[in-house]
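A look at the structure
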Amino acid sequence: MLTPRKIFLGGSVAAAGAVLGVSRLVPELSWAFVPVGVVIALGVYDLFQEKHAIRRNFPFVGRFRYWLEIIRPEVHQYFVESNASGRPFSRELRSLVYQRAKNVTDTLPFGTERDVYQVGYEWMNHSLRALHPPDEAPRVVIGGPDCKQPYASSVLNVSAMSYGSLSKNAILALNGGAKLGGFAHNTGEGGLSPHHLEPGGDIVWQIGTGYFGCRDAEGRFDPGRFAEKSAIEQVKMIELKLSQGAKPGHGGILPARKVTPEIAAIRHVPLGQDVLSPPTHTAFTTPLELCELVGKLRELSKGKPVGFKLCIGKRREVFAICKAMLETGILPDFITVDGGEGGTGAAPLEFSNVLGTPLNEGLVFLHNALVGTGLRDKIKIVASGRVVTGFDIAHKIAIGADLCASARAMMFALGCIQAQKCNTNECPTGVATQDPDLVAGLVVGDKAKRVYNFHRNTVRAFVELISASGVSARRSSGPGTSCGG
Ligand SMILES: Cc1cc2nc3c(=O)[nH]c(=O)nc-3n(C[C@H](O)[C@H](O)[C@H](O)COP(=O)(O)O)c2cc1C
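Reading the values: rules and limits
Residues numbered from 1 in each chain as written. Predicted model: local features only at pLDDT ≥ 70, side-chain atom pairs only at ≥ 80, totals over all residues. Heavy atoms only, no water. Helix = DSSP H or I, 4+ residues; strand = E, 2+ residues; numbered from the N terminus. Buried < 20%, exposed > 50% of the residue type's maximum accessible area, 1.4 Å probe, protein only. Contact = heavy atoms within 4.5 Å. Areas by Shrake-Rupley, 256 points an atom, 1.4 Å probe, with all protein chains shown as cover. Near = heavy atom within 4 Å. Polar contact = N/O pair within 3.5 Å; in protein donor to acceptor, adjacent residues only side chain to side chain. Nonpolar A, V, L, I, M, F, W, Y, C, P; charged D, E, K, R; others polar. Domains from an automatic or database assignment. Buried area = accessible area lost by both parts, 1.4 Å probe. Salt bridge = Lys/Arg side-chain N within 4 Å of Asp/Glu carboxyl O. Core = buried A, V, L, I, M, F, W, Y, C linked by side-chain atoms within 4.5 Å. Axes fitted to C-alpha atoms, helices over the stretch in contact; angles between N-to-C directions. Parallel < 35°, antiparallel > 145°, perpendicular 65-115°, else oblique. Patch = residues over 30% accessible without salt bridge, like charges linked within 9 Å, V, L, I, M, F, W, Y side chains within 5 Å. Pairing = 2+ DSSP bridges. Right-handed = clockwise from strand over helix to strand, strands pointing away. Expected span 1.5 Å × (residues − 1). Arc of directions from axis to C-beta.

Before going further, it helps to examine the overall build of the protein chain. What the protein chain contains, in helices and strands, is 18 helices and 14 strands. Expressed as lengths along the three principal axes of its C-alpha atoms, the size of the protein chain is roughly 90 × 60 × 40 Å. Each of the 485 residues in the protein chain was classed as buried or not, and the buried ones make up 52%. Partitioning the contacts of the protein chain with sequence separation of at least 6, the portion at a separation of at least 24 is 70%. In the structure as shown, the protein chain presents an accessible area of about 22000 Å², 59% of it carried by carbon and sulfur atoms.

Our focus in this paragraph is the site of the ligand. The immediate surroundings of the ligand are formed by 23 residues, with Ala 160, Gln 206, Gly 343, Arg 386 and Arg 408 found nearest. With respect to the ligand, the side chain of Ser 162 contributes an N or O atom lying 3.0 Å from an oxygen atom. Measuring from a nitrogen atom of the ligand, one finds a side-chain N or O atom of Gln 244 at 3.1 Å. For the ligand, whose unbound accessible area comes to 610 Å², protein coverage reaches 98%. Here the shell around the ligand is built from residues that sort into four nonpolar, 13 polar and six charged.

Glancing now at the domain arrangement of the protein chain. Accessible area lost upon the coming together of the parts serves often as the stated size of an interface. Each assigned domain of the protein chain is listed here: domain 1 (4-86) and domain 2 (139-484). Listed as interface residues are ten residues of domain 1 and, on the opposing side, 13 residues of domain 2. Carbon and sulfur atoms supply 49% of the area buried between domain 1 and domain 2, which totals about 1000 Å² over both sides. At the surface where domain 1 touches domain 2, the tally comes to one salt bridge. A salt bridge links Lys 51 to Asp 446, with the shortest nitrogen-to-oxygen separation between them at 3.0 Å. For the pair domain 1 and domain 2, the number of links is eight residue pairs in polar contact (both at pLDDT 80 or more). For the side of domain 1 that touches domain 2, the element with the highest residue contribution is helix H3 (residues 53-57), accounting for four residues. Tallied by class, residues from the side of domain 1 that touches domain 2 come to three nonpolar, two polar and five charged.

Time to look at the nonpolar core. Leu 166, Phe 308, Met 325, Met 410 and Val 431 are the most contacted members of the largest nonpolar core, which has 107 residues in total. It is helix H18 (residues 444-468) that provides the largest number of residues to this core, a total of seven residues.

On to the pattern of salt bridges. Applying the stated criterion across every chain yields a total of 16 salt bridges. Two residues, Arg 220 and Glu 218, come together in a salt bridge whose shortest N-O distance is 3.4 Å. Overlapping salt bridges, with partners in common, bring together Lys 51, Asp 446, Lys 447 and Arg 450 in one network.

Locating Asp 338 in the fold gives a position in strand S11 (residues 334-338). By relative accessible area, Asp 338 is classed as buried at 6%. Excluding residues within four positions of it along the chain, Asp 338 makes contact with Gln 244, Gly 245, Lys 309, Leu 310, Cys 311, Ile 312, Thr 357, Leu 359, Ser 384 and Gly 385.

Now for the environment of Pro 59. Position of Pro 59 among the secondary structure elements: in the loop between H3 and helix H4 (63-71). When the C-alpha atoms of Pro 59 and Gly 43 are compared, they prove to be 4.6 Å apart, with 16 residues separating the residues in sequence. When near neighbours in sequence (up to four residues on either side) are disregarded, Pro 59 contacts Pro 4, Arg 5, Phe 8, Gly 43, Asp 46 and Leu 47.

Contact geometry for helix H6 (residues 91-102) and H18: axes closest at 6 Å, N-to-C directions at 110°. With respect to H18, the element H6 is oriented roughly perpendicular. Between H6 and H18, the contacting residues are Val 97, Arg 100, Ala 101 and Lys 102 on the first element and Lys 449, Arg 450, Asn 453, Phe 454, Asn 457, Thr 458 and Ala 461 on the second.

This part takes up a nonpolar patch on the surface. Together, Val 22, Leu 25, Val 26, Leu 29 and Trp 31 give the surface a local cluster of nonpolar side chains, amounting to about 500 Å² of exposed area. Along the chain, the position of Leu 25 falls in helix H1 (residues 4-25).

What follows concerns unusual backbone geometry. Here the phi dihedral of Phe 110 falls at roughly 90°; this positive angle occurs in a residue that is not glycine. Here Phe 110 lies in the loop between H6 and strand S1 (123-124). At Lys 302, a position not held by glycine, the phi torsion is positive, near 60°. Within the element layout of this structure, Lys 302 appears in the loop between helix H11 (287-300) and strand S10 (306-310).

Among the structural elements, Lys 421 can be located in the loop between helix H16 (408-414) and helix H17 (436-439). Overall, Lys 421 belongs to the partly exposed group, its relative accessible area being 35%. C-alpha of Lys 421 to C-alpha of Gly 190: the two residues are 231 residues apart in sequence and 19 Å apart in space. Once residues lying within four places of it in the same chain are set aside, the contact partners of Lys 421 are Glu 426, Cys 427, Pro 428 and Ala 432.

Our next topic: the environment of Val 34. Among the structural elements, Val 34 can be located in helix H2 (residues 33-48). Between the alpha carbons of Val 34 and Asp 135 there is a distance of 54 Å; along the sequence they are 101 residues apart.

Turning to the pairing of S11, a few remarks are in order. Counting buried positions over the five residues of S11 gives five, a clear majority of the element. Burial of the side chains of S11 extends over both faces: Phe 334, Thr 336 and Asp 338 are buried on one face and Ile 335 and Val 337 on the other. In this structure, S10 lies alongside S11, joined through four bridges in parallel fashion. Each bridged residue has a counterpart across the sheet, and for Leu 310 the counterpart in S11 is Val 337. Regarding the hand of the β-α-β motif, the stretch spanning S10, helix H12 (residues 315-328) and S11 is right-handed. Alignment of S11 against strand S12 (residues 380-384), held across five bridges, turns out to be parallel. Opposite Val 337, over in S12, you have Ala 383 as the bridge partner.

The next subject is H2. The terminal C-alpha atoms of H2 lie 22 Å apart, and with 16 residues this matches the ideal 22 Å at 1.5 Å per residue to within 8%. Taken together, the buried positions of H2 are Val 36, Gly 43, Asp 46 and Leu 47. Along the axis of H2, the buried residues cluster in a sector spanning 105°; they form a single face. Among the exposed residues of H2, those pointing more than 90 degrees away from its buried face are Val 34, Tyr 45 and Phe 48.

Here's what the structure looks like:
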């Protein structure tokens with residue numbers, strides 16, 4: 001297959017040959033060797049450097065992206081991101097992640113870049129009794145009374161994204177970053193793959209309606225397979241996925257183009273077809289059965305923390321789950337609440353744009369539902385949905401979370417440029433594709449370091465913020481930090 005690399009190499013040979021031929025015929029044109037040689041030299045350098053996936057994947061041509069950025073960000077925005085208005089993350093936020101991931105200066109000259117009188121402006125109140133930020137980042141212990149292997153989690157972890165949706169190198173780099181930084185990496189509903197395990201980082205194993213990795217021949221939950229995999233030491237927690245903010249009420253979608261033989265084998269699904277998980281679970285139908293399954297998963301995993309993830313939809317259903325918890329006495333160790341603004345590898349437009357409660361409203365509601373039913377102190381809440389900055393972590397904790405998870409910011413740390421090609425298998429940075437030529441552009445060692453840097457610098461920013469507000473980092477878990485807006 002013709003790839004940009006092969007086109008570059010073939011084109012270079014052809015151009016060098018053409019210049020040679022022309023210069024023999026017309027010696028005065030020998031100077032043409034110089035520009036052609038420069039282009040070839042730069043392209044060859046691009047092929048072998050390890051920092052920029054775009055330049056590895058698109059030798060020489062990929063440089064235009066960076067040149068446009070240098071000449072003037074707005075020009076770059078106009079040409080390369082002409083439909084930027086509809087995109088979920090601003091250039092400013094992405095730049096912040098890139099800076100933190102590269103460990104370069106992330107301070108700002110001149111002052112606030114926000115219109116502080118704009119509706120929706122959010123801020124945080126500092127204290128005249130600001131504290132010195134501690135060196136150690138805070139940890140949050142997850143595991144209720146029935147959990148025998150509690151997990152001391154970072155306040156920021158990698159949110160669920162499957163191998164299949166993301167490339168092998170992306171998974172290796174995310175888990176490598178998690179290993180370096182002591183945080184957790186959620187597998188996503190695509191199952192636990194060897195690439196999740198290889199680097200040795202902590203894992204949250206997510207189980208969706210497809211039960212990938214723990215399903216029988218009919219696609220139903222298989223307790224034996226679950227027990228076997230959950231015993232792996234690296235698996236620190238289990239997350240049952242009920243719904244996801246970007247497509248609540250819709251099962252997972254992995255387009256056929258991204259289903260490689262290896263992925264088909266990991267998931268126990270056929271090749272050449274879209275992998276569509278059902279919208280709801282078959283292992284339970286009622287809230288009481290959900291609680292029973294949570295208890296069973298905890299037992300089968302020998303007491304590891306078990307929780308579930310959902311985007312808040314109908315409020316009465318959340319109360320029904322609380323009622324079932326009270327009735328059975330079986331509680332999840334954590335609940336992950338995902339905002340309707342959450343990301344995905346592939347979803348129908350209407351599902352992404354209008355379905356599901358946004359994170360702030362969903363989080364406040366879930367927190368209050370658990371407080372009102374007397375369950376809040378026994379269950380940790382994880383928040384996900386556009387958590388990118390230290391302020392985002394502080395904000396979510398202030399309004400009800402104990403800790404946060406981030407998906408797309410972690411993708412930016414991997415080098416994602418928001419090309420929005422996750423569903424086409426053509427991701428130019430090798431993050432969200434299974435095309436081996438594009439995946440090769442993502443250098444695992446370099447990007448694992450960036451994921452680690454991004455996590456460390458963001459958690460640091462969070463600790464500094466709450467210290468400025470006079471809140472001790474040891475007290476940072478649980479609502480209490482003061483935010484405004
Ligand atoms: C490429 C991609 C794949 C995802 N796959 C899953 C998944 O398998 N299971 C899941 O629960 N959420 C999945 N999500 C949702 C994220 O885990 C997260 O809940 C959501 O994107 C909100 O976080 P963010 O705003 O930090 O991206 C995926 C998101 C993205 C961008």
